[in-house]
Amino acid sequence: MDSALSSPSGGPATHGDDTMYLPGTDQTLVKLLVAGPFGVGKTTLIRALSETQPLHTEEVMTQSGAFVDDLAGVREKTTTTVAIDFGRLTLPGDLVLYLFGTPGQKRFRPLWQDIARGALGALVLADTRRLADSFEVMDIIEEAGLRYAVAVNTFPDAPHYDTDKLRDALDLHPETPLVLCDARDRDQSVDALIALVGHVLAHTPQENRNP
Ligand SMILES: Nc1nc2c(ncn2[C@@H]2O[C@H](COP(=O)(O)OP(=O)(O)OP(=O)(O)O)[C@@H](O)[C@H]2O)c(=O)[nH]1
Ligand SMILES: [Mg+2]
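Now for a quick tour of the structure. It should be emphasised that the depicted structure is a prediction, and the values quoted were computed from it without experimental measurement.

### Focus on unusual backbone geometry
Then, in step 1: With phi around 55°, D94 is a residue other than glycine that occupies positive phi space.
Then, in step 2: Tracing the backbone through its elements, the reader meets D94 in the loop between β7 (85–91) and β8 (95–103).
Then, in step 3: We classify D94 as partly exposed; its relative accessible area is 39%.
Then, in step 4: Despite not being glycine, D171 shows a phi value in the positive range, around 55°.
Then, in step 5: Given a relative accessible area of 67%, D171 falls into the exposed group.

### Describing helix α4 (residues 163–170)
Every α-helix winds through 3.6 residues per turn, so residues three or four apart in the chain are directed the same way.
Then, in step 1: Considered for burial, the residues of α4 that qualify are L166, R167 and L170. All buried residues of α4 fall inside an arc of 100° around its axis, so they share one side. Relative to its buried face, α4 has exposed residues pointing more than 90 degrees away, namely D164, K165 and D168.
Then, in step 2: On its buried face, α4 is in contact with α3 (133–143), β10 (147–153) and β11 (178–181).

### Side note on the pattern of salt bridges
Then, in step 1: Scanning all chains against the criterion turns up seven salt bridges.
Then, in step 2: With its nearest N and O atoms 2.9 Å apart, the salt bridge here joins E51 to R88. Of this pair, E51 sits in the loop between α1 (42–49) and β5 (58–60) while R88 is found in strand β7, placing the two residues 37 residues apart along the sequence.
Then, in step 3: Judged by its relative accessible area of 37%, E51 is partly exposed.

### Focus on the packing of aromatic side chains
Then, in step 1: Applying the stated rule across the entire model yields two aromatic pairs.
Then, in step 2: Judged by centre distance (6.1 Å) and plane angle (20°), the rings of F86 and Y98 are stacked. Highlighted residues: F86 in strand β7 and Y98 in strand β8, separated in sequence by twelve residues.
Then, in step 3: Residue classification places F86 among the partly exposed residues on the basis of a relative accessible area of 24%.
Then, in step 4: Members of the aromatic cluster, connected to one another through ring pairs, are F86, Y98 and F100.
Then, in step 5: Across the ring face of F100, the terminal group of K31 is positioned such that the distance to the ring centre comes to 4.8 Å.
Then, in step 6: One Lys or Arg, R129, reaches over the ring of F155 and ends 4.7 Å from the middle of that ring.

### Quick word on a negative patch on the surface
Then, in step 1: Together, D139, E142, D162, D164, D168 and D171 make up a region of like negative charge exposed at the surface.
Then, in step 2: Residue assignment for the negative patch shows that the elements contributing at least two residues are α3 and α4.
Then, in step 3: Here D168 lies in helix α4.
Then, in step 4: Note on D168: relative accessible area 64%, which makes it exposed.

### Thoughts on the pairing of β7
Then, in step 1: Side chains D85, G87, L89 and L91 project from β7 onto a buried face, and the interleaved F86, R88 and T90 project onto a face without burial.
Then, in step 2: From the end of β7 to the start of β8, which pair antiparallel, there are three residues, and G93 there has a positive phi angle of about 90°.

### Side note on the packing of α1 against helix α5 (residues 186–202)
Then, in step 1: Orientation of α1 relative to α5, taken along the N-to-C sense of each, is 105°, at an axis distance of 9 Å. Judged on the interaxial angle alone, α5 and α1 are roughly perpendicular. In this structure, α1 uses L45, A48 and L49 to contact α5, whose residues at the interface are R186, S189, V190 and L193.
Then, in step 2: The residue makeup of the contact of α1 with α5, split by class, is five nonpolar, one polar and one charged.

About the thresholds
Residues numbered from 1 in each chain as written. Chains lettered and ligands numbered in written order. Predicted model: local features only at pLDDT ≥ 70, side-chain atom pairs only at ≥ 80, totals over all residues. Heavy atoms only, no water. Helix = DSSP H or I, 4+ residues; strand = E, 2+ residues; numbered from the N terminus. Buried < 20%, exposed > 50% of the residue type's maximum accessible area, 1.4 Å probe, protein only. Arc of directions from axis to C-beta. Contact = heavy atoms within 4.5 Å. Salt bridge = Lys/Arg side-chain N within 4 Å of Asp/Glu carboxyl O. Phe/Tyr/Trp six-rings, centres within 6.5 Å; stacked < 30°, edge-to-face > 60°. Lys NZ or Arg CZ within 6 Å of the ring centre and 35° of its normal. Patch = residues over 30% accessible without salt bridge, like charges linked within 9 Å, V, L, I, M, F, W, Y side chains within 5 Å. Areas by Shrake-Rupley, 256 points an atom, 1.4 Å probe, with all protein chains shown as cover. Lys, Arg positive; Asp, Glu negative; His and termini not counted. Charge placed at Lys NZ, Arg CZ, Asp CG, Glu CD. Pairing = 2+ DSSP bridges. Axes fitted to C-alpha atoms, helices over the stretch in contact; angles between N-to-C directions. Parallel < 35°, antiparallel > 145°, perpendicular 65-115°, else oblique. Nonpolar A, V, L, I, M, F, W, Y, C, P; charged D, E, K, R; others polar.

Spelled out as structure tokens, the structure:
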């Protein structure tokens, strides 16, 4: 998808680069990233809510990887995503979300320029046991010029803080949505995405929604 939002209704739509799309339905297509540090629940969230068989690029982790990815807090984890997750979710109003799960480790930074192209926003997952790990991801997203919402994935053994404390700790802009969710729970994950979509649409001029 080349544009962040496209509504391929009526005749063929052309874009700035002269790409032509066939006439379709009145669906509005939105590309979103699901980002966050190692083991925070990106694959889990996309798996929980995708209405299509999600694409995953999981690989079993080996002992040597323990020096690269810190397993603190995710000891039972046996696989990691080596490229992207992909899933799709249709919201009421024919809003179709295309979700790209994106690794947050520094070494995947070169992937970002490509993966962020055409995205309208990002859901950043965070874990209260290692909030600082989400800073780097938030930096990359800000550099990419994307709006984002933060979803704190509520692992049962992670400390609970009230949202004001979390906002302070994450140094969030007052407009940036912060939600708590269990990434395994479809409804909670959908609510987190709705918070993100509401935020990005509120800041996307109408004319950019139907290029
Ligand atoms: N208890 C609990 N476990 C979770 C939750 N979300 C994810 N998990 C577990 O945490 C582990 C990590 O989740 P993943 O979805 O693989 O995390 P990821 O962000 O995709 O990880 P990478 O791709 O390796 O960066 C898995 O074993 C999940 O089952 C949650 O909300 N609660
Ligand atoms: Mg993953």
